[in-house]
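Read off the chains here:
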Amino acid sequence: MIPVAALLLGPWMAAGGPIYVGTERNLRVDIPRIESTVQVDGRLSEPVWQQAARLIGFSQYAPDDGRPAADETEILVWYSPSAMYFGVRAHAAPGSVRATLGDRDHIDNDDWVQVFLSTFNDGRQASMFGVNPLGVQMDGALVEGTGPGGGGFGGVAGGRAAPDLSPDFVFDSKGHLTDYGYEIEMRIPFKSLRYQSAAAQDWGVHIVRRIQSTGHEDSWAPARRSAASFLDQSGTLVGLNGLHRGVVMDLNPVVTSRVDGTPDGRDGWSYDPHKPDVGGNVRWGLTPNLTLNATANPDFSQVEADATQFQIDPRQALFFAEKRPFFLDGIEFFQTPNSLVYSRRIVDPVAAVKLTGKIAGTTVAALTAVDDHAESLDGTTHPVFNIVRVQHDIGSASRGALLYTDRIEPGFANHVAAADAHVVWSKIYALDLQGAISRTSRDGIGTSGPLWQVFLRRSGRRHSLNYALTGNDPAFRAATGFIGRSGIVDGSLQNQVALYGRPGAFVEKWTGDVQLQGTWNYRSFFDGAQALERKLHVNNNFFLHGGWHGGFSVLVERYGFDPSIYPNYAVLDRGVLRPFAGQTLPNLDYVLTLDTPRVHGVSANVLFIWGRDENFFEWSSANIVYSFLTLAWRPTERVRVDVSHNLQTFERRSDNSYVGIRRVPRLKFEYQATRAIFFRYVGEYATNYQDAFRDDGRTGLPIVFVAPDGTFTPSSAVRARSFRNDWLFSYQPTPGTVLFAGYGNTLANPALSDKETIRTDTLRRTRDGFFLKLSYLFRM
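Residues numbered from 1 in each chain as written. Predicted model: local features only at pLDDT ≥ 70, side-chain atom pairs only at ≥ 80, totals over all residues. Heavy atoms only, no water.

## Quick look at the overall build of the protein
If you tally the helices and strands in the protein, you get four helices and 44 strands. Taking 780 residues into account, the globule formula puts the C-alpha radius of gyration at 28 Å, and the protein, at 28 Å, falls close to it. In terms of overall dimensions, the protein has C-alpha extents of about 90 × 60 × 55 Å along its principal axes. Going through the 780 residues of the protein one by one, you find that 53% of them count as buried. For the protein, the share of sequence-separated contacts (at least 6 apart) that also reach a separation of at least 24 residues comes to 63%. About 33,000 Å² of surface is accessible on the protein, with carbon and sulfur atoms providing 59% of the total. (Helix = DSSP H or I, 4+ residues; strand = E, 2+ residues; numbered from the N terminus. Rg over C-alpha atoms; globule rule 2.2 N^0.38 Å. Buried < 20%, exposed > 50% of the residue type's maximum accessible area, 1.4 Å probe, protein only. Contact = heavy atoms within 4.5 Å. Areas by Shrake-Rupley, 256 points an atom, 1.4 Å probe, with all protein chains shown as cover.)

## As for the confidence of the model for the protein
On average, residues of the protein score 90 in pLDDT, and 92% of them reach the 70 mark or higher. Under a pLDDT of 50 for its full length, residues 753-758 has, in the predicted model, 10 contacts with residues more than four places off or in other chains. (pLDDT = per-residue confidence, 0-100.)

## Concerning the sheet that holds strand 5 (residues 73-79)
Read from one edge of the open sheet, six strands run 1-3-5-6-11-10, paired in mixed fashion. The strands lining the two open edges of the sheet, one partner per strand, are strand 1 (19-21) and strand 10 (172-177). Sheet twist, expressed as the mean angle between neighbouring strand axes with direction ignored, is 15°. Both strand 10 and strand 11 (residues 181-189) contribute to a ladder of six bridges, which runs antiparallel. Across the sheet, the residue bridging to S173 is M186, located in strand 11. (Pairing = 2+ DSSP bridges. Axes fitted to C-alpha atoms, helices over the stretch in contact; angles between N-to-C directions.)

## With respect to the nonpolar core
A general tendency of soluble globular proteins is for nonpolar side chains to be buried together. Counting residues in hydrophobic clusters, the biggest one holds 36 residues, and the most contacted among them are M84, F86, L117, M186, W203, I207 and W220. At the level of elements, strand 3 (53-56), strand 5, strand 6 (83-91), strand 7 (112-118), strand 8 (125-131), strand 11, strand 12 (200-211) and strand 14 (235-241) are the ones that each hand at least two residues to this core. Leaving out residues up to four positions away in the same chain, M84 has contacts with I31, V77, W78, Y79, M186, R187, I188, F190, W203, L237 and L240. One finds F333, A369, I387 and L451 within the second-largest nonpolar core, a separate group that totals 20 residues. (Core = buried A, V, L, I, M, F, W, Y, C linked by side-chain atoms within 4.5 Å.)

## Observations concerning the pattern of salt bridges
This model, assessed by the stated rule, comprises 43 salt bridges. Of the charged contacts, one joins D110 and R598 as a salt bridge, the two residues approaching to 2.5 Å between their closest N and O atoms. In this pair, D110 sits in the loop between strand 6 and strand 7 while R598 sits in the loop between strand 33 (585-595) and strand 34 (602-615), placing the two residues 488 residues apart along the sequence. Across the pair, R598 and D110 agree in class, each one buried. A salt bridge links R666 to E684; its shortest N-O distance comes to 3.1 Å. (Salt bridge = Lys/Arg side-chain N within 4 Å of Asp/Glu carboxyl O.)

## Some words on unusual backbone geometry
The residue after A62, namely P63, is reached through a cis peptide bond having omega 5°. Topologically, P63 is positioned in the loop between strand 4 (59-62) and strand 5. If you check the backbone angles, D443 has positive phi at about 55° while not being a glycine. Residue placement: D443 occurs in the loop between strand 24 (429-442) and strand 25 (445-458). When its relative accessible area of 63% is taken as the criterion, D443 is described as exposed. You will see that N656, though not glycine, has its phi angle at about 65°, which is positive. Tracing the sequence through the fold places N656 in the loop between strand 36 (639-652) and strand 37 (658-672). Residue class for N656 comes out partly exposed when judged on its relative accessible area of 47%.

## Quick word on the pairing of strand 14
The buried fraction of strand 14 amounts to five of the seven residues, a majority that puts the element mostly inside the structure. Pairing of strand 2 (residues 28-30) with strand 14, which is carried by three bridges, proceeds in the parallel orientation. What sits directly across from R28, in strand 14, is T236. By the bridge criterion, five bridges tie strand 12 to strand 14 in an arrangement that is antiparallel. Across the sheet, residue W203 finds its bridge partner in strand 14, namely L237.

## Brief notes about the packing of aromatic side chains
Both the distance between ring centres and the angle between the ring planes are used here to describe each pair of aromatic rings. One pass over the structure, following the stated rule, counts 41 aromatic pairs. For the ring pair F561 and W619, a centre distance of 5.9 Å and an interplane angle of 65° mean the geometry is edge-to-face. In this pair, F561 sits in the loop between strand 30 (548-559) and strand 31 (569-573) while W619 sits in the loop between strand 34 and strand 35 (620-633), placing the two residues 58 residues apart along the sequence. Take F561: its relative accessible area is 17%, and that puts it in the buried class. Relative accessible area serves as the criterion here: at 0%, W619 is assigned to the buried category. (Phe/Tyr/Trp six-rings, centres within 6.5 Å; stacked < 30°, edge-to-face > 60°.)

## Comments concerning the sheet that holds strand 31
Pairing within the open sheet is antiparallel, and its four strands lie in the order 32-31-39-40. Across the chains shown, the open sheet's two edge strands, defined by having one partner strand only, are strand 32 (576-579) and strand 40 (712-714). On average, each strand axis in the sheet is tilted by 45° relative to the strand beside it, whichever way the strands run. Both strand 31 and strand 32 contribute to a ladder of four bridges, which runs antiparallel. When the sheet's bridge partners are listed, D573 is paired in strand 32 with V576.

## With respect to a nonpolar patch on the surface
A grouping of L493, V514, L516, L536, V538 and V556 is seen on the molecular surface, where their side chains present a nonpolar patch of about 440 Å² in accessible area. Mapped onto the nonpolar patch, the elements with two or more residues apiece are strand 28 (507-521) and strand 29 (533-544). Mapped onto the elements of the fold, L516 is located in strand 28. Under the relative-accessibility criterion, L516 is labelled partly exposed at 45%. (Patch = residues over 30% accessible without salt bridge, like charges linked within 9 Å, V, L, I, M, F, W, Y side chains within 5 Å.)

## Focus: the side chain of H422
Considering the arrangement of structural elements, one finds H422 in strand 23 (residues 412-425). Once you skip the residues sitting within four places of it in the chain, H422 turns out to touch G145, A397, S398, R399, A430, L431, D432 and R457.

Rendered as structure tokens:
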């Protein structure tokens, strides 16, 4: 049946399929089931597309919601017994479409269309299938209620969370540019999806289009940024039936080989060829809603090294994203608040098995792994990891969950039990609660400690808020999780207002927020002590016409001295060791941010921080500069060049000398020969200057490091630089079928004592290596 409003849309009616207008509130799509197949070539010319349901009437979602979309978008959708098909006709101004022949998941700077399929129709999680105008894919998962809200100088509160691009799905897509914009064709096999086991079922569907030339996002379902849930505002594909996946059995054998080179100690070079490693992965769809994965002697090698990160606060651990294929499949089922599951803790698994899926409104995820990386002193044992997470739906968008994890090996054991809940009410409020307790035993000595969180969020069109209080005991440990900073209580109150410009105005949207934050040592919090860190942040974000985004912030802070950071520090006074102590430090920093659209093939991201901040090396005030600059150049649809430069400086206020300077420029060059083949070079140059420490701002005496036996070592200056190079040839027609061949090396300078030598001393090769990886996905 054609909705009444569609009768006014004569041009669309000529196509012949039923029409569903997004601006109508009834978004239930009676999707046609057609016994047919098409060749996915990016052209919607086959007769079957004339029978597809047509989704039109998009509205703007970002930066402002509710306004009619400036560019027309038509989505065609139908399904066969074995797959779901989507077609896209996207209209755009002449010459405005941005598209490159990029690598998978690397099309952020392009125009794209994302399809969110909530196959369990639960309004909480969805699989995302994204495609740019040339058919290049991005895919992932969106799980709501497991992360913090936005705001601050890095973002804006409200709106949907970004999907996690870690999962990779097997699906087909192609696209091409047209005289009116672009056209895309997609086929998503049911083998690639987890879904309900019912004979007839409904799926949630959200479709979002990104227009890079304007910076706008349009949505078919008229979603509001003020709502607490994005997925709960989805449309619905109704009456799906007769879905036949057949046998879902993916076999993925993997062969890897590497050769490592190191100095031989005689001014020469030697290579250590390793025996080829043979392993494999199995993915078995037990039922449409349950999947079993197993792996033996897996290859978890990464084809690109983690980019160097700056550690602004030495108390905060650095987080590196998961990149290993076995853990990426179904990773969304293990997501928890406070990252109590962090699969990179399983360093070098010998074997692993996991079960994921959803039964009767309850999501289940279980993983067991045997690692080859032990905490025991002899290093000969194999730790065993177990992770179990169960979530149950409550109402239309809320849920409750339980988690159990452990790591066990001779002489060491860690157990964590946790519960969390995500509660949504009145469409705009969300409350996240979490409580956990750990028990850790090492050599017969046990410790226990709790972790907890309360997080309230209100998402409004003009007023939003985020109030949070999180604490973890110093004894709390999650051997399978990631705790950025242990032994603290962190509280924050953030209120944000938003103003909107008229259509076509230079300033399309402005948001301003004020954030109060306090941080306590965990145990002093319960004693009523004053916060160790007190912060007032005032942030402004401007969304400008044409896709430009700028921000300015003022950060007023006071940091109290925390002796636990400096347990081995002392001041050397004429041969006598004096205690190292500090005072409260007042900070005043300024922040500028700028994100540009792609102009003549170039886009940029800038973050610049300067002002008076804490010098953690010596606990004194310093003039600091942090700058993070990234340039992305797309000279052709096949060439991608990304250049970044990171700078971190600490200048003593007492005499304007530098205690630390760090620079890391990075270049990534990629040539995409075809959709499946690309060549990549990554070069990263790093320099690090660190002065000998002194009791700056107080006595000016040297700082020394004291060992448990009372002996001490003077701090010394560090002047080092390195140059890392990585080359890669990649052939990857589908996820799981790959050929990677690469070479990498690291050059560094020897220990330096002369400050000027860092600029002239020759870099010398310290290590290198070749690697080869072959794998093939057999899909039954």
